[in-house]
Amino acid sequence: MPIIEFINVEKAYINNDKIINNLNLKIYKGEFVTVLGESGCGKTTMLKMINKLISPNDGIVKVYGKDIKNWNTIDLRRSIGYVIQQIGLFPHMTVEKNINYVLNLLKIKDEYKRKTANELIELVGLDRSYLSRYPRELSGGQRQRVGVARALAADPDIILMDEPFGAVDEINRNSLQNEIIKIQKRLNKTIIFVTHDINEALKLGSRIILLNKGKIEQMGTKEDLIYKPNSEFVRNFFGIKGFKSMLDEKIMIELYEKVLNKHIDVEDVYDKIKEVTL
Ligand SMILES: Nc1ncnc2c1ncn2[C@@H]1O[C@H](COP(=O)(O)OP(=O)(O)OP(=O)(O)O)[C@@H](O)[C@H]1O
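A few points on the structure. Keep in mind it's a predicted model, so treat the numbers as computed, not measured.

Take the overall build of the chain next. Counting its regular elements, the chain contains twelve helices and ten strands. Each principal axis of the C-alpha distribution contributes one length, and for the chain these read about 65 × 50 × 35 Å. Classification of the 278 residues of the chain by burial places 45% in the buried group. Contacts in the chain between residues far apart in sequence, at least 24 positions, make up 65% of those at least 6 positions apart. Carbon and sulfur atoms make up 51% of the accessible area of the chain, which amounts to about 15400 Å² in all. When the 43 positive and 37 negative side-chain charges of the chain are each reduced to one mean point, those points stand 7 Å apart.

Here is the structure:
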């Protein structure tokens, strides 16, 4: 059974323009799905329909096999982690209280909460000493890490992430991406991750969905989308940027080292490539 399912889902806001247009999609437990597409194509709308922040005009959205219309909204939201760009930590609460926010609502024992906070803070790559700090005492990247820890606290199977690392500098962004890959594998979470960054979508997703005007233009592995685009739109969307991000990083690093150490001349590398392409 899919953990999330969209069946003939439609959504329009104003002018009856369909922002989500007959969306059909099944997501299974343990998948890391990245959702990519141009600004305004409906990525956030699609994501927010999963935790009932937006209701469809037509069709059915099922979570854990149950139509979201039949879910109690608070229960549904508590069973789904949600991480957004401006993470919205509570400024007057310590990091520990922020992480344990949902557990407090659920009246979980203090001992268990302390243990959870200790484990989660380390899981997201921060030292336990951060637990007593306030959000204003953290960098942007550290705040996003705490946001991820908070989303994991109630141990939901599903985590929705909407451009979670969008406002973080490149180095921190890379390290956050690596952490989330590890966390997802280790805890076998189902993650739906919205981004407009091609490299990020290809790096993280076990399945990548390219949305175009509220419809799925193509979905599949990164190899499918880059090497077997099924339309001009997909081909143009990824272009050379997509191809570059498929290049094996280890080989590129080795090559770079060789060029730096003058074991090889970069012009020779181009000559070899020309031999293959001409
Ligand atoms: N509450 C709303 N009322 C009216 N129109 C809306 C509302 N929310 C979103 N829209 C419109 O719906 C379209 C899709 O918005 P959505 O936020 O889903 O796009 P997106 O793909 O996530 O875009 P971005 O990458 O820019 O965040 C946009 O044209 C937006 O202006």
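Now, onward.
This part takes up the pairing of strand β8 (residues 190-194). With five of its five residues buried, β8 lies for the most part within the structure. Taking every second residue as pointing to the same face, both faces of β8 are buried, with Thr190, Ile192 and Val194 on one and Ile191 and Phe193 on the other. Here four bridges tie strand β3 (residues 32-36) to β8, and the two strands are oriented parallel to one another. Pairing of valine 33 across the sheet is with isoleucine 192, part of β8. For the crossover that starts at strand β7 (residues 158-162), traverses helix α7 (residues 170-187) and ends in the parallel β8, the hand is right-handed.

With that settled, the discussion passes to empty space enclosed by the protein. Counted according to the given criterion, the structure contains one cavity of 30 Å³ or more. Taken as a whole, the largest cavity spans an internal volume of roughly 40 Å³. If you go around the largest cavity, the residues you meet are Val124, Arg145, Val148, Phe165, Leu176, Glu179, Ile180 and Ile183. Sorting the residues of the lining of the largest cavity by element identifies α6 (140-152) and α7 as the ones contributing at least two each.

Further remarks concern the layout of surface pockets. Put simply, the largest pocket is a space of about 750 Å³. Surrounding the largest pocket, 19 residues form its lining, Asn174, Asn199, Lys203, Ser245 and Glu249 being those nearest its centre. Where the lining of the largest pocket is concerned, the elements lending two or more residues are α7, α8 (198-204), α10 (232-246) and α11 (249-260). Here the lining of the largest pocket is built from residues that sort into four nonpolar, four polar and eleven charged. There is about 540 Å³ of room inside the second largest pocket. Around the second largest pocket sit 20 residues that line it, and Arg77, Arg78, Ile80, Tyr82 and Val102 are the ones nearest its centre. Elements represented by at least two residues in the lining of the second largest pocket include exactly α2 (73-78), β6 (80-84), α4 (101-105) and α6. The element best represented in the lining of the second largest pocket is β6, accounting for five residues.

Another aspect to go through is the pairing of β3. With five of five residues buried, β3 lies mostly within the body of the structure. Judged by which residues are buried, β3 turns out to be covered on both faces: Phe32, Thr34 and Leu36 on one side and Val33 and Val35 on the other are all buried. As judged from the four bridges shared by β3 and strand β9 (residues 207-212), these two strands associate in the parallel manner. Residue pairing in the sheet places valine 33 in a bridge with arginine 207 of β9.

What counts, and where the lines are drawn
- Residues numbered from 1 in each chain as written.
- Predicted model: local features only at pLDDT ≥ 70, side-chain atom pairs only at ≥ 80, totals over all residues.
- Heavy atoms only, no water.
- Helix = DSSP H or I, 4+ residues; strand = E, 2+ residues; numbered from the N terminus.
- Buried < 20%, exposed > 50% of the residue type's maximum accessible area, 1.4 Å probe, protein only.
- Contact = heavy atoms within 4.5 Å.
- Areas by Shrake-Rupley, 256 points an atom, 1.4 Å probe, with all protein chains shown as cover.
- Lys, Arg positive; Asp, Glu negative; His and termini not counted.
- Charge placed at Lys NZ, Arg CZ, Asp CG, Glu CD.
- Pairing = 2+ DSSP bridges.
- Right-handed = clockwise from strand over helix to strand, strands pointing away.
- 1 Å grid on protein atoms, 1.4 Å probe; cavity = no way out; pocket = protein on both sides within 12 Å on 5 of 7 lines; lining within 4 Å.
- Points joined across faces, edges and corners; volume = space filled by probe spheres on them.
- Nonpolar A, V, L, I, M, F, W, Y, C, P; charged D, E, K, R; others polar.

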